[in-house]
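Here's the letter readout for the chains.
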Amino acid sequence: MERQLTQQSVPIEEDVDLLRLRIADLERQVEVQAEEIKSARADALRYRRYFDFAQIGMTVTSLETGWVEFNQRLCEQLGYSPEEMTATNWVALTHPEDVSLDMDLFNKLIRGEIQRYSLDKRFVRKDGSTMYGNILIQGVYRPDGSFDHLFGFLHDITERWESEKERLALKQEIIDAQKRALRELSTPLIPVAKHVLVMPLVGTIDNVRAQAVLEVLLDGVTKHQARMTILDITGVQVMDNDVTNAIIQAARAVSLLGAQAILTGIQPGIAKTLVDLQADLSTVMTLSTVREGISYALGRLKR
């Protein structure tokens with residue numbers, strides 16, 4: 001009997017050892033899981049702090065473009081309370097003119113054609129003002145590749161955008177000023193006496209410059225109440241049919257304003273061109289030099 005008890009105790013002791021090993025293994029697994037849970041909680045806390053206290057607007061958005069969640073900064077950027085934000089979506093907050101481009105990219109993101117995109121676009125704040133923003137959109141997909149949700153990041157670039165607009169406006173003002181200066185240099189108008197104007201032309205005259213000559217000349221006649229206008233083309237070497245007609249039209253237009261046009265400085269080559277083109281100069285006084293033109297104009301005014 002005693003021998004039988006001894007023989008039966010052996011397997012019982014082996015079972016106890018196996019049970020102890022199993023318990024030890026489970027304890028190790030519990031410790032590992034506890035560390036994993038602790039690490040996951042720490043990651044979640046960091047994510048939550050990053051999400052809640054980020055200095056840029058952040059959101060998680062669903063397939064239907066509705067908010068899954070958003071941070072306080074996004075509310076501040078757009079001027080809405082969290083409760084008001086919940087009742088809207090990013091399409092409604094986007095400037096109407098910018099919706100289509102954003103939707104095109106969003107649909108590509110859903111189809112998996114792209115995984116992310118960045119875009120400068122306008123938002124409409126609660127107070128109706130416009131906010132210029134840069135958005136970065138990152139798609140998140142399920143294991144089967146289907147779209148699940150997206151992360152959105154909104155950076156307010158209104159100040160930078162306004163500064164750029166001011167810079168471009170200033171640049172355009174400079175360009176316009178340069179154009180005006182070049183126009184004045186290419187079409188100078190000089191009052192040499194009361195009611196007498198001289199416009200000396202130098203270089204090549206194309207259609208654009210000929211139109212500028214007409215505009216400046218007519219403005220000058222009106223501004224200075226001119227009765228005599230002298231177009232000196234001493235420095236012009238080449239004139240084609242279009243430019244010749246433009247000069248003649250300018251002279252005729254001057255006469256319609258009550259002033260007389262005088263054409264001076266016609267060079268031999270240009271004279272031949274005028275003859276070949278059969279230009280009608282019957283309404284235009286022609287003289288050799290600008291000095292003769294001024295002398296003639298002053299004499300006419302004394303009468």
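A quick note: this is a predicted structure, and the numbers were derived from the prediction, not measured.

> Before we go on, may I ask you to explain the packing of aromatic side chains in this structure?
A ring pair, where both rings are aromatic, is described by two values, the distance of the centres and the angle of the planes. As enumerated under the stated definition, the model contains five aromatic pairs in all. With centroids separated by 6.4 Å and ring planes inclined at 75°, the aromatic side chains of Phe106 and Phe147 adopt a geometry described as edge-to-face. In this pair, Phe106 is assigned in helix 5 (residues 99-111) and Phe147 in strand 5 (residues 147-156), connecting sequence segments 41 residues apart. In this pair, the class of Phe106 matches that of Phe147, namely buried. Ring plane angle 80° and centroid distance 5.9 Å describe the contact between Tyr141 and Phe147, whose orientation is recorded as edge-to-face. Given a relative accessible area of 7%, Phe147 falls into the buried group. Among the aromatic residues, those joined into a cluster by ring pairs are Trp90, Phe106, Tyr141 and Phe147.

> Any chance you could explain the side chain of Thr264 here in plain terms?
You can see Thr264 is positioned in strand 9 (residues 260-264). By relative accessible area, Thr264 is classed as buried at 0%. Within the structure, Thr264 has its side chain in polar contact with the side chain of Asp232 (distance 2.7 Å).

> Honestly, the pairing of strand 9 in this entry has me stumped. Any pointers?
Consecutive side chains of a regular strand alternate in pointing toward one face of the sheet and then the other. The element strand 9 is largely enclosed, with a buried count of four among its five residues. For strand 8 (residues 228-235) and strand 9, the ladder comprises five bridges, and the chain directions are parallel. Opposite Ile230, over in strand 9, you have Ile262 as the bridge partner. With helix 8 (residues 241-256) bridging strand 8 and the parallel strand 9, this β-α-β connection has right-handed handedness. Running through helix 9 (residues 268-276), the crossover from strand 9 to the neighbouring parallel element strand 10 (residues 285-287) is right-handed.

> I tried to follow the packing of helix 7 (residues 207-224) against helix 8 on my own but got confused; where do I start?
When two helices pack together, their arrangement is given by the angle between the helix axes and by the axis-to-axis distance. Interhelical geometry of helix 7 versus helix 8 gives an angle of 10° and a closest axis separation of 9 Å. If you check the angle between helix 7 and helix 8, you find them roughly parallel. Between helix 7 and helix 8, the contacting residues are Asn207, Ala210, Leu214, Leu217, Leu218 and Val221 on the first element and Asp242, Val243, Ala246, Gln249, Ala250, Ala253 and Val254 on the second. Of the residues that constitute the contact of helix 7 with helix 8, the class distribution is 10 nonpolar, two polar and one charged.

> Would you explain helix 5 in this entry?
Side chains that are three or four residues apart share a direction in an α-helix, a result of its 3.6 residues per turn. With 13 residues, helix 5 should cover 18 Å at 1.5 Å per step; its first-to-last C-alpha distance of 18 Å lies within 8% of that length. Within the sequence span of helix 5, burial applies to Val99, Asp102, Leu105, Phe106 and Leu109. End-on, the buried residues of helix 5 take up no more than an arc of 140°, which puts them together on one face. Against the buried residues of helix 5 lie helix 4 (90-93), strand 3 (116-124), strand 4 (130-141) and strand 5. Looking at the residues trailing helix 5, positive phi occurs at Gly112, about 80°.

> When you look at empty space enclosed by the protein in this model, what are you seeing that I'm missing?
Throughout the structure, instances matching the rule amount to two cavities of 30 Å³ or more. As a volume, the largest cavity reaches approximately 190 Å³. Lining the largest cavity are 18 residues, with Thr59, Trp90, Phe123, Ile135 and Ile137 sitting closest to its centre. Counting only elements with at least two residues in the lining of the largest cavity, the list comes to strand 1 (57-61), helix 2 (72-78), helix 4, helix 5, strand 3, strand 4 and strand 5. Of the volumes computed, that of the second largest cavity is approximately 80 Å³. Taken together, 13 residues line the second largest cavity, and the ones lying closest to its centre are Ile247, Ile248, Leu263, Leu281 and Val284. For the lining of the second largest cavity, the secondary-structure elements that each account for two or more residues are strand 8, helix 8 and strand 9. Among the elements that take part in the lining of the second largest cavity, helix 8 stands out by supplying four residues, more than any other. Class assignment of the residues belonging to the lining of the second largest cavity gives a composition of 12 nonpolar, one polar and no charged.

> Please explain the nonpolar core as it appears in this structure.
Generally speaking, a soluble globular protein has its nonpolar side chains buried in company with each other. Grouped together as the largest cluster of nonpolar side chains are 28 residues, with contacts concentrated most on Met199, Leu201, Leu231, Ile233, Val236, Met239 and Ile247. Mapped by element, the contributors of at least two residues to this core are strand 7 (196-202), helix 7, strand 8, helix 8, strand 9 and helix 9. A total of seven residues in this core trace back to one element, the largest contributor, which is helix 8. Leu231 has contacts with Met199, Leu201, Val213, Leu217, Ile247, Ile262, Leu263 and Thr264, leaving out every residue within four places of it along the chain. Judged by nonpolar contacts, the second largest core, of 20 residues, contains Leu74, Cys75, Ile137 and Leu150.

Quick notes on the rules
Residues numbered from 1 in each chain as written. Predicted model: local features only at pLDDT ≥ 70, side-chain atom pairs only at ≥ 80, totals over all residues. Heavy atoms only, no water. Phe/Tyr/Trp six-rings, centres within 6.5 Å; stacked < 30°, edge-to-face > 60°. Helix = DSSP H or I, 4+ residues; strand = E, 2+ residues; numbered from the N terminus. Buried < 20%, exposed > 50% of the residue type's maximum accessible area, 1.4 Å probe, protein only. Polar contact = N/O pair within 3.5 Å; in protein donor to acceptor, adjacent residues only side chain to side chain. Pairing = 2+ DSSP bridges. Right-handed = clockwise from strand over helix to strand, strands pointing away. Axes fitted to C-alpha atoms, helices over the stretch in contact; angles between N-to-C directions. Parallel < 35°, antiparallel > 145°, perpendicular 65-115°, else oblique. Contact = heavy atoms within 4.5 Å. Nonpolar A, V, L, I, M, F, W, Y, C, P; charged D, E, K, R; others polar. Expected span 1.5 Å × (residues − 1). Arc of directions from axis to C-beta. 1 Å grid on protein atoms, 1.4 Å probe; cavity = no way out; pocket = protein on both sides within 12 Å on 5 of 7 lines; lining within 4 Å. Points joined across faces, edges and corners; volume = space filled by probe spheres on them. Core = buried A, V, L, I, M, F, W, Y, C linked by side-chain atoms within 4.5 Å.

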